[in-house]
Amino acid sequence: MTNNIADIDNCKTMLVIGSNTTEQHPVIGTRIRRAVRNGAKLIVADPRAIDLASIATLYIRQRPGTDIALLNGLAHIILKEGLEDKEFIAQRTEGFDEWRKVVETYTPARVSEITGIAVDDLFTAARLYAGNKPSAIFYAMGITQHTTGHNNVLTIANLAMLTGNIGKPGAGVNPLRGQNNVQGSCDVGALPNYFTGYQRVTDDAAREKFQNAWGVELSNKVGLTVGEMLQAARARQVKAMWIVGENVAMSDPDSHHVVEALNNLDFLVVSELFMTETAQLADVVFPAASFAEKDGTFANTERRVQRVRKAINPIGECRADWQIVSEVAKRMGAPAEQWTYGSASQIMNEIASLTPQYAGITFERIDAKGLQWPVPNKEHNGTPILHTEKFTRGKGLFSPIEHQEPAENPDDTFPFTLTTGRILHHYHTGAMTRRVPGLEQIAPEERVELNPDDAAKLGVGDGDWLHISSRRGQVDARAWVTDRVGNGVVFMTFHYAEALTNMLTNTAVDPIAKIPELKVCAVKVERVAK
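First, a word on what this report is: a plain description of the structure on this page.

About the criteria used
Residue positions within a chain follow its written sequence, with the count starting from 1. For this predicted model, a pLDDT threshold of at least 70 governs which residues receive local features, and a threshold of 80 or more governs which side-chain atom pairs are given and counted, while totals over whole chains, interfaces and linings are taken from all residues. To get the side-chain values, take all heavy atoms of the structure and skip hydrogens and water. Elements are defined by DSSP. Helices are runs of H or I of four residues or more, strands are runs of E of two residues or more, and each kind is numbered from the N terminus. Taken over C-alpha atoms, the radius of gyration is set against a globule rule of 2.2 Å times the number of residues to the power 0.38. In this scheme, a residue with accessible area under 20% of its type's maximum is buried, one over 50% is exposed, and one in between is partly exposed, where area comes from a 1.4 Å probe on protein chains only. Contacts are residue-level and defined by heavy atoms, with any inter-residue pair within 4.5 Å sufficient. Areas reported here follow the Shrake-Rupley algorithm with a probe of radius 1.4 Å; residue values treat only the protein chains shown as occluding. Any Lys or Arg side-chain nitrogen located within 4 Å of an Asp or Glu carboxyl oxygen qualifies as a salt bridge. The pairing criterion is simple: DSSP has to find at least two bridges between the two strands. Every angle, taken between N-to-C directions, lies between 0 and 180 degrees, and every axis is a line fitted to C-alpha atoms, over only the stretch in contact when it is a helix. Grouping buried Ala, Val, Leu, Ile, Met, Phe, Trp, Tyr and Cys residues that are joined through side-chain atoms within 4.5 Å yields what is termed a nonpolar core. Orientation labels follow simple angle bins: below 35 degrees gives roughly parallel, above 145 gives roughly antiparallel, 65 to 115 gives roughly perpendicular, and whatever is left gives oblique. In this classification, Asp, Glu, Lys and Arg are treated as charged, Ala, Val, Leu, Ile, Met, Phe, Trp, Tyr, Cys and Pro as nonpolar, and every other residue, Gly included, as polar. This arc is built from the directions going out from the helix axis to the C-beta atoms.

Comments concerning the overall build of the protein chain
For the protein chain, the helix and strand inventory stands at 18 helices and 19 strands. For 530 residues, the compact-globule estimate of 2.2 N^0.38 gives 24 Å, and the C-alpha radius of gyration of the protein chain, at 24 Å, lies within 12% of that figure. Taking the principal axes of its C-alpha atoms as reference, the protein chain extends roughly 65 × 65 × 40 Å. Looking at the protein chain as a whole, 53% of its 530 residues are labelled buried. The long-range fraction of contacts in the protein chain, counting pairs at least 24 apart against all pairs at least 6 apart in sequence, stands at 69%. Working note: accessible area of the protein chain is about 23500 Å², and carbon and sulfur atoms make up 52% of it.

Spelled out as structure tokens, the structure:
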């Protein structure tokens, strides 16, 4: 996030796109609701009429996979009506003229045809976002989990720069991270192409710095993403894997082939809290300590690094992740003097010594309240808003982006579009929340959201059993007949192993970010007696 959560109170207009905020990020969703009650305008753009749509100034339902066309169309109208921030564009950006040539082709009529959004609604959205500033954009995996995910984000950045909604209170571009420490994991190098602090493994100077600190020679080769690892396992190019806290057998697309890949490994290690579907396939399972059983930090969606404090001693043989890794490293022959960590605080000091954004962070400094990075030194109080004077690269670059159709659209054989997500009551693959009796009572099974018009054509009533099939797999689940979804679209979660939606989803990936297109695939829907 370029801004922080509290800054939502300063927004005059909010554009929420590809984020079911009140269900996936309830605290932030509550902030947005409060801002609306206090007079802020809210635009919701989503293929589903999510909860926030009911309080939105404007709700627009785009066809899944058409976000670039929508955002380019808003930019087109803003330019035609002279609502752009000319001073910001001139002083703080580059590439505007080339970008403008592309955007000029996205007329309201063309965008309406691509997205299914009425022309009048496009004008209303553009005028609200550009004319009632400061305006902030909030997005989540409804933007990124596409074969155009990287370009979707660039298009959002274009819109924010066009209107000068960057580097100011109440403005900004705010991605909402899907799990509590996704941001922190990325910050400290749990990525195939970065060391900590987004220092590239291909950068000779960065690599030399880490080599000197750790006393080992480091590769300059970019590693594999999750999807590439699984493909390599199927091809027996990767023979062993250690999975920490991720239930890939349920969370990754085309689950049948994920399990096949894991079974193809010579050796699989899993660190977990519970015997998940992935842990059940492992040769060795390390019992990991939960958040309540260890000390450390989480970095949340607003870049705030916060303390995690041990409330109880680890149960049974559970250990903190850093202890497990250290013990395995010693048994693999690593020099014992390099693995003498005595506490999470000591590890944070090492992170700070190698990571410019974390340089001023210590456990003592974040004892009472977390700090938002970058924190370049121990006298610095953190950075609530990014890019106030300049961008990381100097000037912001406008990126000319063209609309691109999803990898798999409906056809005669598979006439529906499946989009996926989560619900309020369960978290991710349900490994934790489905063990809570109260939550299971509220949401005990998968329900397929199906538009009433489509249900009538199929002869389906609410609660009837459906057979959903794609080019990759098939599942059975009950129907929820609702106008939350539009015609030709069905929605499912991936919480339920007994109706595993990711048996259906597509493995096509964004060519740059390598994220799979979990938000769009073609399926067939049939009523079955069961």
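What follows continues from the structure just given.
Describing the pattern of salt bridges
Counting across every chain of the model gives 33 salt bridges. The closest approach of N and O atoms between Glu 98 and Lys 101, which form a salt bridge, is 3.1 Å. With Glu 98 and Lys 101 both in helix α5 (residues 96-103) and 3 residues apart, this pair spans about one turn of that helix. We note a salt bridge from Glu 408 to Arg 471, for which the minimum N-O separation is 3.3 Å. In this pair, Glu 408 is assigned in the loop between β13 (396-397) and β14 (416-421) and Arg 471 in the loop between β16 (465-469) and β17 (474-481), connecting sequence segments 63 residues apart. Under the relative-accessibility criterion, Glu 408 is labelled buried at 8%. Linked through salt bridges whose partners overlap, the residues forming this network are Glu 23, Arg 48, Glu 449 and Arg 484.

Quick look at the sheet that holds strand β19 (residues 521-528)
Strand order in the closed barrel formed by 6 strands is β14-β18-β15-β17-β16-β19, and the pairing between neighbours is mixed. Each strand axis lies, on average, 45 degrees off the axis of its neighbour in the sheet, ignoring direction. When β16 meets β19, the two strands line up antiparallel, connected through 5 bridges. Its bridge partner lying in β19, Ile 468 is registered against Val 525.

Quick notes on the nonpolar core
If you look at soluble globular proteins, the nonpolar side chains tend to sit buried side by side. By size, the foremost hydrophobic cluster in this structure holds 42 residues, and its most contacted members are Ile 17, Leu 70, Trp 99, Tyr 129, Ile 156, Leu 159 and Leu 162. For this core, the element with the most residues is helix α3 (residues 67-80), which contributes 8 residues. Membership of the second largest hydrophobic core comes to 20 residues, among which are Ile 5, Ile 32, Ala 35 and Ala 56.

Quick notes on the packing of α3 against α5
Where α3 contacts α5, the axes come no closer than 9 Å and their chain directions differ by 105 degrees. With respect to α5, the axis of α3 lies roughly perpendicular. Side by side, α3 and α5 meet where Asn 72, Ala 75, His 76 and Leu 79 of the first sit next to Phe 96, Trp 99, Arg 100 and Val 103 of the second. When its residues are assigned to classes, the contact of α3 with α5 shows 5 nonpolar, 2 polar and 1 charged.

Observations concerning the pairing of strand β7 (residues 240-244)
Every second residue of β7 is oriented toward a common face, the buried set being Met 241 and Ile 243 and the non-buried set Ala 240, Trp 242 and Val 244. Across 5 bridges, the pairing between β7 and strand β8 (residues 267-272) is parallel. Bridge pairing in β8 links Ile 243 to Val 270.

Digging into the pairing of strand β18 (residues 489-493)
Regular strands place their side chains on alternate faces of the sheet. Most of β18 is tucked away, with 5 of its 5 residues classed as buried. Neither face of β18 is open: one carries Val 489, Phe 491 and Thr 493, the other Val 490 and Met 492, and all of them are buried. The sheet contact formed by strand β15 (residues 447-450) and β18 spans 2 bridges and is antiparallel. Paired with Glu 449 across the bridge in β18 is Phe 491.

Re the environment of Ile 512
Mapped onto the fold, Ile 512 is located in the loop between β18 and β19. For Ile 512, a relative accessible area of 55% translates into the label exposed. Measuring from C-alpha to C-alpha, the distance between Ile 512 and Met 161 comes to 22 Å, with 351 residues separating the pair along the chain.

A look at α5
Every buried residue of α5 is listed here: Phe 96, Trp 99, Val 102 and Val 103. Down the axis of α5, the buried side of the element spans an arc of 120 degrees, and every buried residue falls inside it. Seen from the buried face of α5, the exposed residues on the opposite side, beyond 90 degrees, are Asp 97 and Lys 101.

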